[in-house]
There are 4 protein chains.
Amino acid sequence: MRITVAEQPVGRLNDAWRLAVGTGRFDLALRRDYQDSLALVQREIGFRHIRGHGLLSDGVGVHRPYEYQGRRHVRHAFGYVDQVIDAYLELGIRPFVELGFMPSGLASADQTVFWWQGNVTPPRSHNEWADLVRATVAHLVDRYGIDEVRGWPIEVWNEPDLKDFWQDADADAYHRLYEVSAHAVKDVDAGLQVGGPALSPGADDTWLPRFAEFVTDRKVPIDFVSRHAYTSGPAQHVPFGVHQDLAPAQRLLEQFASPRRLLAGTALAELPVYITEFNSSYRPDNPIHDTAFHAAYLAPVLAAGGDVVDSFAYWTFSDVFEEVGVPTALFHGGFGLLTHRQIRKPTFHLYAFMNRLGGQILARGADHLVTRDDTGRIAVLAWAPVDVTGREPVDNHTVRLSLPIADGTARSAFLLRSSVSDEAGNAWRAWCELGRPPSPTARQLDVLRQAAEPARRHASLPVAAGRVELDLHLTRHEVTLAEVSAVTDETPPWWDERRLLGREPS
Amino acid sequence: MRITVAEQPVGRLNDAWRLAVGTGRFDLALRRDYQDSLALVQREIGFRHIRGHGLLSDGVGVHRPYEYQGRRHVRHAFGYVDQVIDAYLELGIRPFVELGFMPSGLASADQTVFWWQGNVTPPRSHNEWADLVRATVAHLVDRYGIDEVRGWPIEVWNEPDLKDFWQDADADAYHRLYEVSAHAVKDVDAGLQVGGPALSPGADDTWLPRFAEFVTDRKVPIDFVSRHAYTSGPAQHVPFGVHQDLAPAQRLLEQFASPRRLLAGTALAELPVYITEFNSSYRPDNPIHDTAFHAAYLAPVLAAGGDVVDSFAYWTFSDVFEEVGVPTALFHGGFGLLTHRQIRKPTFHLYAFMNRLGGQILARGADHLVTRDDTGRIAVLAWAPVDVTGREPVDNHTVRLSLPIADGTARSAFLLRSSVSDEAGNAWRAWCELGRPPSPTARQLDVLRQAAEPARRHASLPVAAGRVELDLHLTRHEVTLAEVSAVTDETPPWWDERRLLGREPS
Amino acid sequence: MRITVAEQPVGRLNDAWRLAVGTGRFDLALRRDYQDSLALVQREIGFRHIRGHGLLSDGVGVHRPYEYQGRRHVRHAFGYVDQVIDAYLELGIRPFVELGFMPSGLASADQTVFWWQGNVTPPRSHNEWADLVRATVAHLVDRYGIDEVRGWPIEVWNEPDLKDFWQDADADAYHRLYEVSAHAVKDVDAGLQVGGPALSPGADDTWLPRFAEFVTDRKVPIDFVSRHAYTSGPAQHVPFGVHQDLAPAQRLLEQFASPRRLLAGTALAELPVYITEFNSSYRPDNPIHDTAFHAAYLAPVLAAGGDVVDSFAYWTFSDVFEEVGVPTALFHGGFGLLTHRQIRKPTFHLYAFMNRLGGQILARGADHLVTRDDTGRIAVLAWAPVDVTGREPVDNHTVRLSLPIADGTARSAFLLRSSVSDEAGNAWRAWCELGRPPSPTARQLDVLRQAAEPARRHASLPVAAGRVELDLHLTRHEVTLAEVSAVTDETPPWWDERRLLGREPS
Amino acid sequence: MRITVAEQPVGRLNDAWRLAVGTGRFDLALRRDYQDSLALVQREIGFRHIRGHGLLSDGVGVHRPYEYQGRRHVRHAFGYVDQVIDAYLELGIRPFVELGFMPSGLASADQTVFWWQGNVTPPRSHNEWADLVRATVAHLVDRYGIDEVRGWPIEVWNEPDLKDFWQDADADAYHRLYEVSAHAVKDVDAGLQVGGPALSPGADDTWLPRFAEFVTDRKVPIDFVSRHAYTSGPAQHVPFGVHQDLAPAQRLLEQFASPRRLLAGTALAELPVYITEFNSSYRPDNPIHDTAFHAAYLAPVLAAGGDVVDSFAYWTFSDVFEEVGVPTALFHGGFGLLTHRQIRKPTFHLYAFMNRLGGQILARGADHLVTRDDTGRIAVLAWAPVDVTGREPVDNHTVRLSLPIADGTARSAFLLRSSVSDEAGNAWRAWCELGRPPSPTARQLDVLRQAAEPARRHASLPVAAGRVELDLHLTRHEVTLAEVSAVTDETPPWWDERRLLGREPS
């Protein structure tokens, strides 16, 4: 069945999909590989904000107690903070600030999370924590200007509903931390945006209503509400990796929608809702992240997420990440859109295709999104259906569209089609074929970079009655971008392609 | 029929195909577009020397007569010369010096060639010409060192057998010019290489024997012999362009071979022979240069040229060229491997494929060349047959090879295949589909750059009995590079691709 | 005598000094050296617009008559135009369009100007000229957008009052050309800015009133009035150069002011006045341009020009220029702020110093200009007086200032002082000491780049009663920039510089 | 007294000063700031090898034990190792491999050193350690080639004579580690270079003879002997820093010489001796490293060190270093030649000046070193004497030289002089004047970069009787480079500087 796309837009494509992206811990941003990757991501995708853990952890060196003249003092040192944020702004991306984890000099106990040992205990002095928050935010305002920093959301802690991330998953203790932190932020400037509670999936039913009640009752400042979304089941471990069952991608959209549903009728009902992390698996060592399946799986989520939430941040832009230790192979199931050394995964291209869409939505469906930009270029994102059990993969799928061409004089349109699938733009597949080299040579990296390029085709399509008929045949796990533009024909009257090899016409 | 390629090399692939490349006039090398193009060419192909006209023409400003205290003097000014050659060396390419054309202050008459008006008359003073040559060569030696400059061939004039390039095509006058020039070069250093006579196609039967006799009789220094090769018929004009019949490509190889044949038995028999220009058409406005046909047409010439001659220099690396004026469209039939703004033509890729070949020739045929490098990587260049009449294009052609894999332990090989054809890697075709925009927009240039990428595929091929079976199916005008490397399998024992989506095995 | 600078601004420093800069002919902008120079100029100075000759001359290839089916047609080709303007915009500078000179295919006679032979005769068809103007402007609007192009002034021809630049310096013929051109521009869009008459110095008394009368009477569109300003006497020739007497720099300011004076009371009285070229000498081969004298000579002109005129454009930003031929030595008296290969001349630094000034003028005088920016940084431009006869150079000159420090808590201020003079930041002097090498080696170019750096000093100045006392001692031909900022002292209490080498205090 | 420098060289300047340089721990090399700094160091100085701690520590992730099918295995993972060494080679520097510290999965106890917690205990299995060494070295040989890796010295551990760096400073345990490691290295290839024992200052009297005896008796492979050298007294602590007394710099030369003295007569007498670390203070938080004093203090050591030892490696090239934690201010007394963000310290310039010296030593003295390169350029390094007590600084010091000019025709020489001192090229001083901002703003960083530039002067010096008289006046803590080259005068005969401002001669 061919879908006849009307000329009139049916909606606008907003920026929720690109409002934020996740990253490994703050000090990893000092690395060249990280910055090279971020530069590439910004050039081809263009996120607005970046959010990660560890701003206040020991590796960044902000909180520095010392003795002088017999008394304890604290120095706040921002050398690394500034190096990172300077780099972010240079690369055209802004911080989405996360306050955490606890500096060891301020921690009340020893519990840590991750290979890199982020301390997850409450402060032993809430005053000193407030000083730390105030000093940090004030420093940012001094260095980058109040107008700039007012645009950076500030989130208090990460997944306090999980014992791994917050000692005992103690809600009261989190509420206290939130209150102290929110006031400290607003002490610097009332126009700054503060929010939370950055819940893990599955906790918002119990946590969100209590949190809403707490901040309402105690008039604690709050500018946005946040949670996370993942669809994977329990980890099935192998050495240096896991496998997991996945729920259908639709579950992500349901998770996105849940805070607004839960907060309906509360004082927080109108606040922006930010999904500050989402992905399929929550594990940085699940090879599903590296596959073409993954792009096709997430395509409908990217196409529709902005309808239900204000931001949903892919966790994370790069495999430069060390929560379970230093990776032991180039492809290791990391969250990244890019591997180390900037090999683009299929999901990278899904995002790059999103970046080519126009602002007007002309049509949408279970396997496609049709957009147009202000120049009249039509951009179609289409994807093959996936089977999360892996048992019945779909090897052929067709999307048939009839597209309106605004330019009444055009007799042809130019089609540029870019695709990733199991066969194309799939560097992981090439890496498997190369024998899965843990640390590829320079030559192998070149090959992987070439293999990571989407397949591209172009064609001239006839325009008839102001319409172009476009048939998109999709192979297994294919995600495709089809761009269609009206052609202005500037061929001179004397051109005759049959004469390329001479043959003076008789 | 499958060709069984033996493990033992049957020959060496020499560097004749990359020893030199042609360029538009000397001062065009000051342009950024030119240098950007040359940088790309050097990165992906890597020529050794570059040769063009106009070093001594007015635009470079070397020969500068002036009056002082009532007398005529000549100043030799090398500012532009140095800017260009500094850039060449930075880009990893060396000059192939051509002495010409005549500075207007030294010319004996007004005749010029080209839109940019190179004067083609003899010097009015052979002494002053000798001074000019000596001063120029001595300056190069001063600036770049004698060891460096001894490696730069120095050719006297261009196509003196044509009236357009040398007044009256006067052989005696050329012989005199050659003699004066050769001595002037050797005055600076006896180890410098000088040569000529840079004949146009068709003239060597009459000119070469006389030239050989002249330099032998008069003991004029000569270090190499040079001529040009083209296969096009007369120009059939249209506005801003021409069409021409082409002879089969084999004619180029015959032209390459002709000097050695003609000089057999003379004192010049053992000298290196350099084809200092070759192409299909000799016109910079024949659209055949832009096509996929052109790459397939020249492939057998590149594969075999080094057998018959010491150098054959493609004329020219870039469309930055102005012999018939400023181009009026991006694709205009220029000689270039690259258009303005670095769109790669199919023939560019033919050269880039040559650059991936190994030094050992394992097999060769009418449609293929099989090579291996020192790492054991096998690289096959294969091409579809072409029909120069255009009447019977070959749309399907297959090359079947059985390749030896040296690594006895490998159970699979990795194939990377890159192709250009009428459909793929053919930016000109995309430009036609875009409506032939004379000066494409930034967005159109991006599209053209993408369209110019070769199609790439990769696969894992089984190794059986130390061999890989490779079937190369070629479409119309396809030129393909197939690279095959033995795989070292580093897959860990626990890897099971069936578990990508979980499904704990029972 | 010390000048006590008040805290309250006495005026604003406008952008007239940087609104435009001159350049060699249009197609020289295709060169890498040109673009490298422009990039440097934009990075350290930052001009808004760039103006030069030759947009419509043959070297750019716009106007292309041809025969087809027995009739004459004209193709308009914009490949080079687009390459240049794309580069300009990339470098952050916009065109100041000059319509000229005459394409040879449209010229009514053979008269040319300059080594590069710009044709200076009227069109043989004013209709075809109007077509050319319309096609060119319409193309710019298509490619760059109407909002962008409305910001580009469009000037008709260059110095029509001189016989060298306009056949017979025929005012009526110019008026006709202006009228046709202005209408052609406005045919494309009424919001585009068109102007003239781009007079040479000395002509405006006679030409401007007539021109004003002409455009008023005939209601010809005009959006700005333009003329040029130079202060040199007749050329005294030596080989490859000239020397000239100079009038005092004040004469430049008088020339700037003259159009507004002459147009007072006419319909053109309120139009912007643009000095579309100015310099000391009008010759591109007068070594005075290379000297420290030149920066000190022009300093008061830059400091005050914006008071009397809307723009005054230094002619030219770079020595990449060929009006009298290819230069025969690196320093050859070119107009450029930069030599070939980006050696910064003292006048470059004068402009770079201007770029460091703040928007608030706090004080001004015959030898200084005191400014402050929005961060409170005070920037003083000061210069030594010059003697245009060269007979009584001023070797010592002092400017004494008392500066207000806004930050009431600061106990010290940081001074950064940068100077060029006969001794410092004077690459030309170093080049003389090197023996005036016409084409310096790579090592000599490094030395010249180092010699071109301004001398820089820094110091801590005490703040007393909210003031800093600043004594600027100036040597011969010195131009200095003194930047003074209040210091926030973050020295920790334990710091004791006396302990750098240990010596535990007893 | 003027020193008359003879034309005949008195010696050769070898590369001991640049053979190696120190660096912070291995994984810091992943950072962009680190790599930017190393690129600058290589461009302006050019070291051959780089040595630091931590190759085998947990942060690099090489040693990775895991369970599989119920048994313990070890995977060796080289992803980060390759990223770092690829970057080193790209930047033109090679590793000086240090084997250490102990991976936690192989350590026999918990003792660690530094803020970043390098484990300093013996392996719990010497076999597994040998496997680790073999796997690491074999991987390097695979990836970089045996010819390359044979040029990389491999040192076993660091300062085993100190309890902080090796549990109990147990010599026997070190000998065992050395023996196992040396054999493991030679198992990979007998041509690899292995050495030790990397002693701290003060230990070689007792350790070196025993070590020599051990390796001789047991025929343990050894290719070089190494130790460290420092001149500072005990640390006098202040918050985030120390002060220390310094011994005279001559003590460094004595320490350099000691291994050869102690090994005379042993089987190790002829081995190369490498000082694998040296500096004044051994503390990364002593502000003396940031000063001009430091350059003047080390100048005689750099000038003479190559006479007594084969390599002496400055510890370290950059302040990117974290042994005592993340720095709390830009200038914090780090070892670096560069601060974070590439501010060049005076000692950087000392090294950059060394890099400008020629290979022929013409004269040397307590305050100078006169060299000449193959082009005839004379380069003089001279320095002011320093007082390590800080009590009697030398504010004026003069070095008078008479230099031979080889070019008999030169009538003048060009002098380029570059200096750093308390006043010039001293960014630390500017930072103090700026109020010691811990994390300077972008503008302050610009100021510091400018302040870090050496003062440069140039002049024309007359050549009389083949000699130039050069008086070098030195201010406090000045180190100066004076480069003198014979001038070829290419001034045209018509040049008359008096005519710059016209004045036609009468």
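Chain A goes by Beta-xylosidase in an unreviewed UniProt entry, where it is assigned to Micromonospora lutea. Reading the Sequence similarities (unreviewed entry) entry of the UniProt record for chain A gives the comment "Belongs to the glycosyl hydrolase 39 family."

*Asks:* Would you mind going over the interface of chain A and chain B in detail, with residue names and values included?
*Replies:* Tallying the contact residues gives 55 residues for chain A and 55 residues for chain B. Both sides of the chain A and chain B interface together cover about 4800 Å² of buried area, and 57% of this is carbon and sulfur. At the junction of chain A with chain B, the criterion picks out six salt bridges. Taking the shortest distance from any N to any O, the salt bridge between Glu483(B) and Arg443(A) comes out at 3.0 Å. Summed over the shared surface of chain A and chain B, the number is 20 residue pairs in polar contact (both at pLDDT 80 or more). Secondary-structure elements contributing two or more residues to the side of chain A that touches chain B are strand 14 (236-238), strand 22 (412-420), helix 10 (427-433), helix 11 (442-451) and strand 23 (455-462) of chain A. Split by residue class, the side of chain A that touches chain B holds 23 nonpolar, 15 polar and 17 charged.

*Asks:* An account of the domain arrangement of chain A is requested, with residue identities and associated values reported.
*Replies:* Residue and element names in this part refer to chain A. When cut into domains, chain A gives domain 1 (2-9 + 359-486) and domain 2 (14-355). Between the C-alpha centres of domain 1 and domain 2 the distance comes to 31 Å. Every contact between the two is made by 31 residues of domain 1 and, on the other side, 28 residues of domain 2. Of the roughly 2400 Å² buried at the junction of domain 1 and domain 2 (both faces included), carbon and sulfur atoms supply 73%.

*Asks:* So what's going on with helix 9 (residues 346-354) of chain B? Which residues, and what values?
*Replies:* Buried residues dominate helix 9 of chain B, accounting for nine of its nine residues. The set of residues buried in helix 9 of chain B consists of Pro346(B), Thr347(B), Phe348(B), His349(B), Leu350(B), Tyr351(B), Ala352(B), Phe353(B) and Met354(B).

*Asks:* Can you break down the relation of the copies chain A and chain B residue by residue, with the values?
*Replies:* Once turned by 180° and shifted 0.0 Å along the axis, chain A lies on chain B with an RMSD of 0.0 Å. Those values place the two copies in the arrangement expected of a two-fold rotation axis. Considering only C-alpha atoms, the part of chain A nearest the rotation axis is Ala455(A), at 3.8 Å. Most of the interface of chain A is mirrored in chain B, where 100% of its interface residues are also at the interface.

*Asks:* Go over the environment of Val149(B), please, and point to the residues and values.
*Replies:* Residues and elements named next belong to chain B. In this structure, Val 149 sits in helix 4 (residues 146-149). Accessibility expressed as a relative area gives 1% for Val 149, which makes it buried. Taking C-alpha positions, Val 149 is 11 Å from Val 194, a pair spaced 45 residues apart along the chain. Discounting chain neighbours no more than four positions away, the residues touching Val 149 are Leu 140, Val 141, Tyr 144 and Leu 192.

*Asks:* So what about the sheet that holds strand 1 (residues 2-4) of chain C? Which residues, and what values?
*Replies:* Residue and element names in this part refer to chain C. Within the open sheet, the three strands sit side by side as 1-21-24. Their pairing is mixed. Here the strands that pair on one side only, and so sit at the sheet edges, are strand 1 and strand 24 (467-474). Between one strand and the next, the sheet's axes are offset by a mean angle of 20°, whatever the strand orientation. In terms of strand pairing, strand 21 (residues 397-404) meets strand 24 through eight bridges, oriented antiparallel. The partner of Leu 403 across the bridge, within strand 24, is Val 468.

*Asks:* I'd like a description of the sheet that holds strand 23 (residues 455-462) of chain D, backed by residues and values.
*Replies:* Residue and element names in this part refer to chain D. Ordered in space as 2-18-19-20-25-22-23, the seven strands form an open sheet in which the pairing is antiparallel. Since the sheet does not close on itself, it has two edges, and those belong to strand 2 (11-12) and strand 23, each with one partner. As paired strands, strand 22 (residues 412-420) and strand 25 (residues 479-486) are joined by eight bridges and run antiparallel to one another. Looking at the pairing, Arg 417 lines up with Ala 482 of strand 25. Against the sheet, helix 9 (residues 346-354) touches strand 20 (378-383), strand 22 and strand 25, its axis set at about 150° to strand 22.

*Asks:* Go over the interface of chain B and chain D with me, naming the residues and quoting the values.
*Replies:* On the side of chain D, five residues touch chain B, which itself brings five residues to the contact. Buried surface at the junction of chain B and chain D, both sides included, amounts to about 560 Å², of which 71% is carbon and sulfur. The largest contributions to the chain B side of the interface with chain D come from Tyr68(B), Arg75(B) and Trp494(B), which together make up 75% of the buried area. In terms of residue class, the side of chain B that touches chain D is built from four nonpolar, no polar and one charged.

*Asks:* Summarise the relation of the copies chain B and chain D; cite the residues concerned and give the values.
*Replies:* In this arrangement, two copies of a chain are superimposed by a rotation about an axis accompanied by a shift along the axis. In the superposition of chain B on chain D (RMSD 0.0 Å, axial shift 0.0 Å), the rotation amounts to 180°. Here 100% of the interface residues in chain B have copies in chain D that are interface residues too; the copies meet face to matching face.

*Asks:* Any details on the pairing of strand 22 (residues 412-420) of chain B? Residues and values, ideally.
*Replies:* Residue and element names in this part refer to chain B. Within strand 22, nine of the nine residues are buried, leaving the element largely enclosed by the surrounding structure. Covered by surrounding structure in strand 22 are Ser 412, Phe 414, Leu 416, Ser 418 and Val 420 together with Ala 413, Leu 415, Arg 417 and Ser 419, the residues of both alternating faces. When strand 22 meets strand 23 (residues 455-462), the two strands line up antiparallel, connected through eight bridges. Across the sheet, the residue bridging to Leu 415 is Ala 459, located in strand 23.

*Asks:* Lay out the packing of aromatic side chains in plain terms, naming residues and giving numbers.
*Replies:* Applying the stated rule across the entire model yields 140 aromatic pairs over all chains. Relative to Phe240(D), the ring of Trp494(C) lies with its centre 6.5 Å away and its plane at 40°, an arrangement referred to as tilted. Here Trp494(C) is found in the segment after strand 25 (479-486), whereas its partner Phe240(D) is found in the loop between strand 14 (236-238) and strand 15 (241-243) on a different chain. On the basis of relative accessibility, which here comes to 12%, the residue Trp494(C) falls in the buried class. On the basis of relative accessibility, which here comes to 26%, the residue Phe240(D) falls in the partly exposed class.

Reading guide: rules and limits
- Per chain, residue numbering runs from 1 following the sequence as it is written.
- Key to labels: chains lettered from A, ligands numbered from 1, both in the order written.
- Only residues with pLDDT of at least 70 get local features here, since the model is predicted, and only at 80 or more are side-chain atom pairs given and counted; chain-wide, interface and lining totals rely on the full set of residues.
- Think of the side-chain values as coming from all heavy atoms in the structure, minus any hydrogens and water.
- UniProt positions are given in the numbering used here, feature names are shortened, and annotations may be inferred rather than shown by experiment.
- Contact criterion: two residues are considered in contact whenever any of their non-hydrogen atoms come within 4.5 Å of each other.
- The buried area of a pairing is the accessible area, by a 1.4 Å probe, that goes missing from both parts when the two are put together, added over both.
- Any Lys or Arg side-chain nitrogen found within 4 Å of a carboxyl oxygen on Asp or Glu counts as a salt bridge.
- Polar contact criterion, stated in full: a pair of N or O atoms within 3.5 Å, where within protein one must be able to donate a hydrogen and the other to accept it, and residues adjacent in sequence count only if both atoms are side-chain atoms.
- Numbering goes from the N terminus for both helices and strands, where a helix is a DSSP run of H or I of at least four residues and a strand is a run of E of at least two.
- Gly is placed with the polar residues, together with every amino acid not listed as nonpolar (Ala, Val, Leu, Ile, Met, Phe, Trp, Tyr, Cys and Pro) or charged (Asp, Glu, Lys and Arg).
- Segment limits for the domains were obtained from an automatic or database-derived domain assignment.
- Only protein chains enter the accessibility calculation, which uses a 1.4 Å probe; a residue whose area is less than 20% of its type maximum is buried, one above 50% is exposed, and one in between is partly exposed.
- The fit set for superposing copies consists of C-alpha atoms from residues with pLDDT of at least 70 in both; the fit itself is least squares.
- Strand pairing is assigned whenever DSSP detects at least two bridges linking the two strands.
- Fitted lines through C-alpha atoms give the axes, limited to the stretch in contact for helices. The angle between two N-to-C directions lies from 0 to 180 degrees.
- In this analysis, rings of Phe, Tyr and Trp, with Trp reduced to its six-membered ring, are considered paired at centre separations within 6.5 Å, and the interplanar angle assigns stacked below 30 degrees, edge-to-face beyond 60, and tilted for intermediate values.

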